[in-house]
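Here are the chains, one letter per residue:
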Amino acid sequence: DTGVSQNPRHKITKRGQNVTFRCDPISEHNRLYWYRQTLGQGPEFLTYFQNEAQLEKSRLLSDRFSAERPKGSFSTLEIQRTEQGDSAMYLCASSPPGTSGGTQYFGPGTRLLVL
Amino acid sequence: GQNIDQPTEMTATEGAIVQINCTYQTSGFNGLFWYQQHAGEAPTFLSYNVLDGLEEKGRFSSFLSRSKGYSYLLLKELQMKDSASYLCAVTYNQGGKLIFGQGTELSVKP
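Note that the coordinates shown come from a computational prediction; the quantities given were computed from them, not determined experimentally.

### A closer look at the interface of chain A and chain B
- Taken together, the contacts link 23 residues of chain A with 17 residues of chain B.
- Taken together, both faces of the contact between chain A and chain B bury some 1,500 Å²; the carbon and sulfur share is 53%.
- The tally of links between chain A and chain B comes to 1 salt bridge.
- B:Lys97 is paired through a salt bridge with A:Glu56; the nearest N and O atoms lie 2.5 Å apart.
- Counting across the interface, chain A meets chain B through 6 residue pairs in polar contact (both at pLDDT 80 or more).
- At the level of elements, β4 (31-37), β5 (44-50), β9 (88-95) and β10 (105-106) of chain A are the ones that each hand at least two residues to the side of chain A that touches chain B.
- With 4 residues, β4(A) is the largest single contributor of residues to the side of chain A that touches chain B.
- Residue classes in the side of chain A that touches chain B are distributed as 10 nonpolar, 10 polar and 3 charged.

Dropping the structure here:
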């Protein structure tokens with residue numbers, strides 16, 4: 001399977017704990033995006049990377065969120081001191097090189113539940 | 001802001017045609033995408049419009065009017081499996097991030 005993969009698929013945690021999610025993009029794609037989606041809403045942009053450089057981060061993203069893509073391949077998204085409001089589906093997408101990034105292809109997502 | 005507006009829900013009959021509209025702010029517009037999302041699954045790419053006009057791909061077509069800030073997704077010969085959420089998303093200012101509407105939940109009835 002050469003699509004975008006995400007792990008874990010589901011995560012249940014207690015409020016205040018830290019969680020980390022991983023995304024493996026399509027191999028030839030240099031751009032990687034993170035989005036968050038809550039029930040009944042469209043995905044909301046969090047951050048994106050071109051190769052290993054983090055080019056944009058949403059102003060809505062609190063300091064508890066951090067993302068890395070150290071070698072320009074896989075990426076991790078960490079949430080520190082989780083809150084119940086962090087419960088959502090976290091989606092990763094990747095796109096090929098291009099002036100506007102090209103079409104984004106999404107992974108299956110990580111569903112987070114904070115108790 | 002860059003509000004992307006689309007109807008919350010629509011209902012149609014199997015075998016019929018349905019049109020899902022999307023409006024957006026035109027300033028800085030770059031391109032428009034349509035995605036399909038079944039419940040509990042990731043969005044899957046349907047179409048991309050950057051120039052005015054109609055793009056046809058099998059039973060699905062997408063239209064764009066850049067001057068009006070308007071797009072629609074046309075689904076023909078509806079099937080039960082087309083029941084899903086349809087997401088309109090826009091990129092602005094040569095940037096890569098997608099700005100999504102809230103999605104249109106389409107129910108196809110027998």
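There is more to say after this.
### Re the pattern of salt bridges
- A complete count under the given rule lists 7 salt bridges over all chains for this structure.
- For A:Arg64, the salt bridge identified is with A:Glu83, shortest N-O distance 3.4 Å. Here A:Arg64, found in the loop between β6 (53-57) and β7 (65-68), pairs with A:Glu83, found in the loop between β8 (75-79) and β9; they are 19 residues apart in sequence, far enough to count as distant.
- Across the pair B:Arg59 and B:Asp82 runs a salt bridge, and its minimum N-O distance is 2.8 Å. With a gap of 23 residues between them, B:Arg59 in the loop between β5 (53-57) and β6 (60-65) and B:Asp82 in the loop between β7 (70-75) and β8 (84-92) connect regions that are remote in the sequence.
- Owing to a relative accessible area of 2%, B:Asp82 belongs among the buried residues under this scheme.
- Several salt bridges share partner residues, and in doing so they unite A:Arg64, A:Glu83 and A:Asp86 into one network.

Conventions and cut-offs
- Residues numbered from 1 in each chain as written.
- Chains lettered and ligands numbered in written order.
- Predicted model: local features only at pLDDT ≥ 70, side-chain atom pairs only at ≥ 80, totals over all residues.
- Heavy atoms only, no water.
- Contact = heavy atoms within 4.5 Å.
- Buried area = accessible area lost by both parts, 1.4 Å probe.
- Salt bridge = Lys/Arg side-chain N within 4 Å of Asp/Glu carboxyl O.
- Polar contact = N/O pair within 3.5 Å; in protein donor to acceptor, adjacent residues only side chain to side chain.
- Helix = DSSP H or I, 4+ residues; strand = E, 2+ residues; numbered from the N terminus.
- Nonpolar A, V, L, I, M, F, W, Y, C, P; charged D, E, K, R; others polar.
- Buried < 20%, exposed > 50% of the residue type's maximum accessible area, 1.4 Å probe, protein only.

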